[in-house]
Amino acid sequence: MKSAVETLNPTRVRLTVEVPFEELKPSLDAAYKKINQQVTVPGFRKGKIPARVIDQRFGRGAVLEEAVNDALPRFYGQAVEEGKIDVLGQPEITEIEGVETLADGGDLKFTAEVDIRPEITLPDFAGIEVTVDPIEVTDEDVEKSLEQLRERFASVNAVERAAAAGDIVVVDLEAKVDGEVPEDGTATGVTYEIGSGRLLDGIDEAVIGLEAGGTATFTTELKGGSAAGQDSEVTVTVTAVQEKELPALDDEFAQMASEFDTLDELKDDSRTRLARMKEFDQATQAQEKVLDALLELVDMPYPEKLLADEVQTRKHNLEHHQLPQMGLDLDGWLKLQDKTAESFDAELDEQAKKGIKTQFVLDAIASKEELSVSQEELTEHLLRRAAGSGMTPDQFAQQVVEGGQVPLLVGEVVRGKALAAVVEAAKVVDTEGNVVDFADDEDEDETTETVEAAAEAEAEETKEA
């Protein structure tokens, strides 16, 4: 077999492959054997039909077509390996010549075009400098944390008075759009905490001052359902008013809400826990900013087909998975987001480019640094992903193996390690001028999770061969 590679542009090549008849003969033999097992000819046992009979009954063309279909992927793969080409996706076979002469011992020639990874010049990571928020836990932070804990242990009591801010009301709702109630325009027994902002704009002002049995009407823009984005006249009826009673903040509360005996011990634990959370937030912020700075330093062409496929995948996921769960279609969502179709498409394009660029750049770093993934690291990552998926580790592992996604998980881990290497090399300071050093951070979970969330380059999202 002979092959040649022609560069069409920085992200696409054309392969020309010539295969002599001698190397095609195994494919021809395999074609006869396969057809032998699939057809029946009177007077011959299945699998024992002579080649000449198959040619006569079914035509030599059927055999040649089967042989070529068997040979093309194999010789294409050999040409890719010989040319040391890092291909993306499936090839487009543009020409096949010589099929008609195979019967006479002729050669086969075909050409294939395929996207490739672009060449990436990596910058000096030590030149990257970012600023992050400092780790500071204030007394106000601790008090807020304790108040949230008190909220969790609050009791609710029915009261016979008008609703006030902070109360919990049970309401029935009816929305009318242009005087008509949509199919999904009513709801009963809805529990709502006044002031939480978790329902409709304007409902707080409508229900404050109403007792059980009271009714009010207000105008608002619907946030979901079939009439999302439209102005509606909403009638709200209060069926119950409830008052929250928070427990006293004392040693007894500390014993009820935690493993501590005193309020001071609970406060100290809250301060320690908040410090750990702020450390995590700082590390996440550093990784996101370092990643953005890294991408700014790299110029890279984008494979056209890969980019188009990634944009389409993101749009499909939004339209067919995320928006239906919100009770919205794309037009309704665009109106709520105050976006045009053109700005939305441009935003999708930018997101897709960032995802692809992130993956390619981090892969290039991993290759240069010769990073690898141990079984322990892969197992830890699998456990984290399983926890986020709502499945047991065994169920998630089975799904990954059956779906052939193990290489994708390996890619996620190694990219996390690549980003960690860049963060360690970069200069990170907080807004108070203190240098932040992550080189001794033993918890690699933060790096991997940041890559998955901030970089938007998870392998299952960015289709790549």
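Preceding this section is the structure that the text describes.
Definitions and limits used
Residues numbered from 1 in each chain as written. Predicted model: local features only at pLDDT ≥ 70, side-chain atom pairs only at ≥ 80, totals over all residues. Heavy atoms only, no water. Patch = residues over 30% accessible without salt bridge, like charges linked within 9 Å, V, L, I, M, F, W, Y side chains within 5 Å. Areas by Shrake-Rupley, 256 points an atom, 1.4 Å probe, with all protein chains shown as cover. Salt bridge = Lys/Arg side-chain N within 4 Å of Asp/Glu carboxyl O. Lys, Arg positive; Asp, Glu negative; His and termini not counted. Charge placed at Lys NZ, Arg CZ, Asp CG, Glu CD. Helix = DSSP H or I, 4+ residues; strand = E, 2+ residues; numbered from the N terminus. Pairing = 2+ DSSP bridges. Axes fitted to C-alpha atoms, helices over the stretch in contact; angles between N-to-C directions. Buried < 20%, exposed > 50% of the residue type's maximum accessible area, 1.4 Å probe, protein only. Contact = heavy atoms within 4.5 Å. Core = buried A, V, L, I, M, F, W, Y, C linked by side-chain atoms within 4.5 Å.

**Q** Could you give me a rundown of a negative patch on the surface, with the residues and numbers involved?
**A** Taken together, Asp 250, Asp 251, Glu 252, Asp 261, Asp 264, Glu 265 and Asp 268 make up a surface patch of like negative charges. If you list the elements that add at least two residues to the negative patch, you get α6 (251-257) and α7 (263-296). In terms of residue count, the dominant contributor to the negative patch is α7 (three residues). The residue Asp 251 is located in helix α6 in this model.

**Q** Tell me about the sheet that holds strand β2 (residues 12-19), and please be specific about residues and values.
**A** Taken in spatial order, the four strands make up an open sheet running β1-β2-β4-β3, and their pairing is antiparallel. Pairing within the sheet leaves two strands with one partner each, and these edge strands are β1 (2-9) and β3 (87-97). Averaged over all adjacent pairs, the angle separating strand axes in this sheet is 20 degrees, with direction ignored. The pairing of β2 with strand β4 (residues 108-116) spans eight bridges and is classified as antiparallel. The partner of Val 17 across the bridge, within β4, is Phe 110.

**Q** Lay out the side chain of Arg 150 with the relevant residues and their values.
**A** When you line up the elements, Arg 150 lands in helix α4 (residues 139-152). A relative accessible area of 15% places Arg 150 in the buried class. In this structure, Arg 150 is in contact with Leu 246, Pro 247, Ala 248, Leu 249 and Phe 253, ignoring residues within four places of it in sequence.

**Q** An account of the nonpolar core is requested, with residue identities and associated values reported.
**A** Ranked by internal contacts, the top residues of the largest apolar core, which has 43 residues, are Val 290, Leu 294, Trp 333, Val 361, Ile 365 and Val 428. Counting residues per element, the ones that place at least two in this core are β5 (129-132), α7, α8 (304-326), α9 (330-336), α10 (341-368) and α13 (406-425). Top contributing element to this core by residue count: α10, with nine residues. Ignoring any residue separated from it by four or fewer positions in sequence, one finds Leu 294 in contact with Pro 123, Phe 125, Ile 128, Val 361, Leu 362, Ile 365 and Val 422. Core analysis: the second largest hydrophobic core is formed by 33 residues, Leu 24, Ala 67, Ala 71 and Val 114 among them.

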